[in-house]
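This is what each chain is made of:
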Amino acid sequence: MTQATRAAQAAFSTVDATTLKGWLHDADEIALFDVREHGQYGEGHPFYAVPLPYSRLELDVGRLAPRLGTRIVLADDGDGVAQAAAMALARLGYTNLFVLDGGMAAWVAAGYTLFAGVNVPSKTFGELAEHHYHTPRVSARELAAMQAGPVAPVVLDGRPASEFRKMNIPGAICCPNGELVYRLRDLVPDATTPIVINCAGRTRSIIGAQTLINFGVSNPVYALENGTQGWYLNDFALEHGGTARYPDNGSPRGLDAARDAATALARRFDVPEIEAAQAAAWLADTSRSAFLCDVRTAEECAARTLPGAQHTPGGQLMQATDQYVGVRRARLVLFDAEGVRAPVVASWLRQMGHDAVVLAGGLEAGLNAGLRAAHGPTPDIAPLPAVGADQLAAGLANRSMLALDLRGSMAYRAGHIAGSRWSTRARLAQDLRGVPQDTTLVLVGEADAGDPADLAVADMHALGYRDLRRLRGGFAAWRDAGHALGEGADTLPDARCIDYLFFVHDRHDGNKAAARQYLAWETGLIAQLDAQELATFRFPSLR
């Protein structure tokens, strides 16, 4: 037995699918990380699996699972990627690591379901919430008629501004769901004006509308059925590049009434409020994971927040919880600055089955108490020597260099160095097959800090490549120098784009078939749940 083999055996244990299924429903914390790339994950994964692609593993794991002793299970296609990921996490200091024996095929063979798509627990919850609350809704045609009528509704888009700019219902105003109750009276001062909440599909429309109803808003409130996709499928025109949004008002209209309503809502949904001293004890507890969540806007968080807090904008925390929290049964401590937004978000998270609480006194109380959340480990990355665009061009011409593009596959399709090769960390062995080990590999990555290309260096060293360099200035430097470019879908077949989930993204590119497929997927999620998965959610009785 080699030293490397012994080290691998010490780093992790294997777990079979039946045991893992039991762990997912026991009383202890668990993080089930799917380490395949985003497109592979989206084609099918266990219900509670959190996406943590091997290409970004060390960059994101500290945020998703900050506690080194967390029980972590890694899953792949049974192709060895999970084992490599376990070794990488062991090097970071994680101590309680498991690999799903046989990967996704073993999960299916044991009789368990793979769920397509992303943010599946949150999406499923939205469908269940609509059924439970009988959330009022209007179709695209009904909304169009209302807009043309004598009492036009205010249409509020519950998505972030970045999504709103892509496409919006004509006349809509961007107000992410986490901001709705806080800023409503600045946007809809009249308490009788009808309000329609929309998103791109279904979840945020439903949750946004039901948020206002649960909050006790007197206006008639509706969710737009199927969001912008439903609007487009009914042949209504969408606007693009929209900028209408909520005002940046530090003291919105009706704030005192909103605080009172938030207090009543917290009582109704049994949302606990904890003092800063209790939060500090939770954050210091090495036996249990705790996340400190700032649910305010990005601008507010950037101006001042609690050390170590994660910016978890309220609407997105409900919509895509697995992008922020990787550990089931962890404690979530939510805070705002005014006592309105955090209770509302916590009320939904608790119905989703999360142990969410509100920090009494919010940001100020946390600052006064010196609250601080620990971030998990970060990788120690040594910089590579850099080469300029002209030097790379010469190396490509005499075949002493190979440009290896490790950006996203869609970025590669949009434009890349002519003659370069695309790969991702999990596929380096296959994609570099036949490339002599004395070749100088010039990595083309992202210009930003925290580039996934940096993580692939150790993997290339393990394959025997020693002369690794970075392209100074990245692809933009090559393009700006006027060197030859390649582009187009034909330069990288769909089957190789394992980091991209086509059916989720194509629905926004004028593809009506993809939009219909997406909506059918979303409305079909509940039927795929087993009894244990369904029991995760905790809706209150309707009185």
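Residues numbered from 1 in each chain as written. Predicted model: local features only at pLDDT ≥ 70, side-chain atom pairs only at ≥ 80, totals over all residues. Heavy atoms only, no water.

Would you mind showing me how to read the overall build of the protein chain here?
A count of helical and extended segments in the protein chain gives 26 helices and 22 strands. For 543 residues, the compact-globule formula gives about 24 Å, and the C-alpha radius of gyration of the protein chain, at 25 Å, lands near that figure. Considering only C-alpha atoms, the protein chain reaches an extent of 75 × 50 × 50 Å along its principal axes. Relative to its 543 residues, the protein chain shows a buried fraction of 54%. (Helix = DSSP H or I, 4+ residues; strand = E, 2+ residues; numbered from the N terminus. Rg over C-alpha atoms; globule rule 2.2 N^0.38 Å. Buried < 20%, exposed > 50% of the residue type's maximum accessible area, 1.4 Å probe, protein only.)

Just to check I follow, could you spell out the side chain of arginine 470 for this structure?
If you trace the backbone, arginine 470 turns up in strand β21 (residues 468–471). Given the relative accessible area of 16%, arginine 470 is considered buried. Apart from residues lying up to four places away in sequence, arginine 470 is in contact with Leu384, Pro385, Ala386, Val387, Val442, Leu443, Gly445, Glu446, Asp451, Ala453 and Asp454. (Contact = heavy atoms within 4.5 Å.)

Could you clarify how one ought to interpret the sheet that holds strand β6 (residues 137–138) in this entry?
Neighbouring strands of a sheet are bound in pairs by backbone hydrogen bonds; such pairs are parallel or else antiparallel. Taken in spatial order, the five strands of this open sheet run β6-β10-β9-β7-β8, and their pairing is parallel. The open sheet is flanked by β6 and β8 (173–174), the only strands paired with a single partner. Sheet topology note: the strand β7 (residues 154–157)/strand β9 (residues 195–198) ladder contains four bridges and is parallel. Residue pairing for β9: valine 155 is matched across the bridge by valine 196. Packed onto the sheet, helix α11 (residues 203–214) meets β9 and β10 (221–224) and runs at close to 175° relative to β10. (Pairing = 2+ DSSP bridges. Axes fitted to C-alpha atoms, helices over the stretch in contact; angles between N-to-C directions.)

Would you mind showing me how to read the UniProt feature "domain: Rhodanese" (unreviewed entry) in the protein chain here?
Within this numbering scheme, the UniProt entry marks residues 26–116, 149–240, 294–375 and 404–487 as carrying the feature "domain: Rhodanese" (unreviewed entry). With 36% helix and 15% strand, residues 26–116 has its two end C-alpha atoms placed 24 Å apart. (UniProt positions renumbered as here; feature names shortened; annotations may be inferred.)

What should I look at first to understand the sheet that holds strand β16 (residues 386–387) in this one?
As summarised here, the arrangement of the five strands in space is β16-β21-β20-β17-β19, forming an open sheet in which the pairing is parallel. Each of the sheet's edge strands pairs with one partner strand only, and the pair in question is β16 and β19 (421–422). Across two bridges, β16 lies against β21 in parallel orientation. Of the residues in β21, the one forming a bridge with valine 387 is leucine 471. Against the sheet, helix α19 (residues 389–397) contacts β16, β17 (401–405), β20 (440–444) and β21, and its axis sits at roughly 115° relative to β17. Across the sheet, helix α22 (residues 452–462) touches β17, β20 and β21, and the angle it forms with β21 is around 160°.

What exactly am I supposed to notice about the environment of proline 194 here?
By the secondary structure assignment, proline 194 is in the loop between α10 (180–187) and β9. Exposure remark for proline 194: the relative accessible area of 12% places this residue in the buried category. The spacing of proline 194 and isoleucine 381 is 187 residues in sequence and 54 Å in space, taken between C-alpha atoms. Ignoring sequence-local partners within four residues, the contact set of proline 194 consists of Met146, Val151, Ala152, Pro153, Val154, Pro220 and Tyr222.

Explain the nonpolar core here, please?
Side chains of nonpolar character tend, in soluble globular proteins, to be buried together. In terms of nonpolar packing, the biggest core is built from 107 residues, with Phe33, Phe215 and Leu334 touching the most fellow members. Per element, the largest residue contribution to this core is seven residues, and it comes from helix α5 (residues 81–92). If we ignore the near neighbours within four places in the chain, the residues touching leucine 334 are Cys293, Val295, Ala342, Val345, Ala346, Leu349, Ala356, Val357, Val358 and Leu359. Within the second largest apolar cluster, 16 residues are counted, among which are Ile274, Ala276, Trp282 and Leu359. (Core = buried A, V, L, I, M, F, W, Y, C linked by side-chain atoms within 4.5 Å.)

Mind showing me how you'd approach the packing of helix α7 (residues 120–133) against α11 here?
Packing of α7 against α11 leaves a shortest axis separation of 9 Å and a crossing angle of 45°. In terms of orientation, α7 lies oblique with respect to α11. α7 and α11 meet at a crossing whose hand is left-handed. Residue-level inspection shows Ser122, Lys123, Phe125, Gly126, Glu127, Ala129, Glu130 and Tyr133 of α7 in contact with α11, the latter providing Thr203, Ile206, Ile207, Gln210 and Asn214. (Parallel < 35°, antiparallel > 145°, perpendicular 65-115°, else oblique. Left-handed = near helix turned anticlockwise from the far one by under 90°.)

Explain the packing of aromatic side chains to me, please; I cannot follow it from the model alone.
For any pair of aromatic rings, geometry is given as the distance between the ring centres together with the angle between the planes. Per the stated rule, a full pass over the model turns up 13 aromatic pairs. Plain terms: the ring middles of phenylalanine 47 and tyrosine 48 are 5.0 Å apart, the flat faces sit at 85° to each other, and that makes the pair edge-to-face. For tyrosine 48, a relative accessible area of 8% gives the class buried. The ring of tyrosine 48 carries the charged tip of arginine 328 above its face, separated from the ring centre by 3.9 Å. (Phe/Tyr/Trp six-rings, centres within 6.5 Å; stacked < 30°, edge-to-face > 60°. Lys NZ or Arg CZ within 6 Å of the ring centre and 35° of its normal.)

Could you clarify how one ought to interpret α11 in this entry?
Residues spaced three or four apart along an α-helix point in a common direction, a consequence of the helix completing one turn every 3.6 residues. Taking 1.5 Å per residue as the helical rise, α11 with its twelve residues ought to reach 16 Å, and the 16 Å between its terminal C-alpha atoms agrees with that figure. Most of α11 is tucked away, with eleven of its twelve residues classed as buried. Within α11, burial applies to Thr203, Arg204, Ser205, Ile206, Ile207, Gly208, Ala209, Gln210, Thr211, Leu212 and Asn214. Trailing α11 by a residue or two, glycine 216 shows a phi angle of about 90°, which is positive. (Expected span 1.5 Å × (residues − 1).)

I'm lost on helix α14 (residues 276–284) in this one. Help?
Among the residues of α14, those classed as buried are Ala276, Ala279, Trp282 and Leu283. Each buried residue of α14 lies within a common arc of 115° when the element is viewed along its axis, so the set occupies one face. Away from its buried face by more than 90 degrees, α14 exposes Ala277 and Ala284. Structurally, α14 contributes buried residues whose contacts are with β11 (273–274), β12 (290–294), β14 (331–335), β15 (355–359) and α18 (362–369). (Arc of directions from axis to C-beta.)

Looking at this structure, I do not really get the state of the cysteines. What am I missing?
One covalent bond between the sulfur atoms of two cysteine residues makes up a disulfide. Taken as a whole and judged by the stated rule, the model has zero disulfides. As a non-bridged cysteine, cysteine 199 has cysteine 174 as the owner of its nearest cysteine sulfur, 12 Å distant. Look at cysteine 199 and you get buried, because its relative accessible area is 2%. (Disulfide = S-S within 2.5 Å.)

Which parts of the structure should I look at to understand the pairing of strand β4 (residues 72–75)?
Strand residues, when the strand is regular, have side chains that alternate between the two faces of the sheet. Side chains of β4 alternate between two faces, with Ile72 and Leu74 and Val73 and Ala75 buried alike. Of the strand pairs in this sheet, strand β2 (residues 31–34) and β4 are connected by four bridges, and their pairing is parallel. Across the sheet, residue leucine 32 finds its bridge partner in β4, namely valine 73. The handedness of the β4 to strand β5 (residues 97–100) crossover, carried by α5, is right-handed. (Right-handed = clockwise from strand over helix to strand, strands pointing away.)

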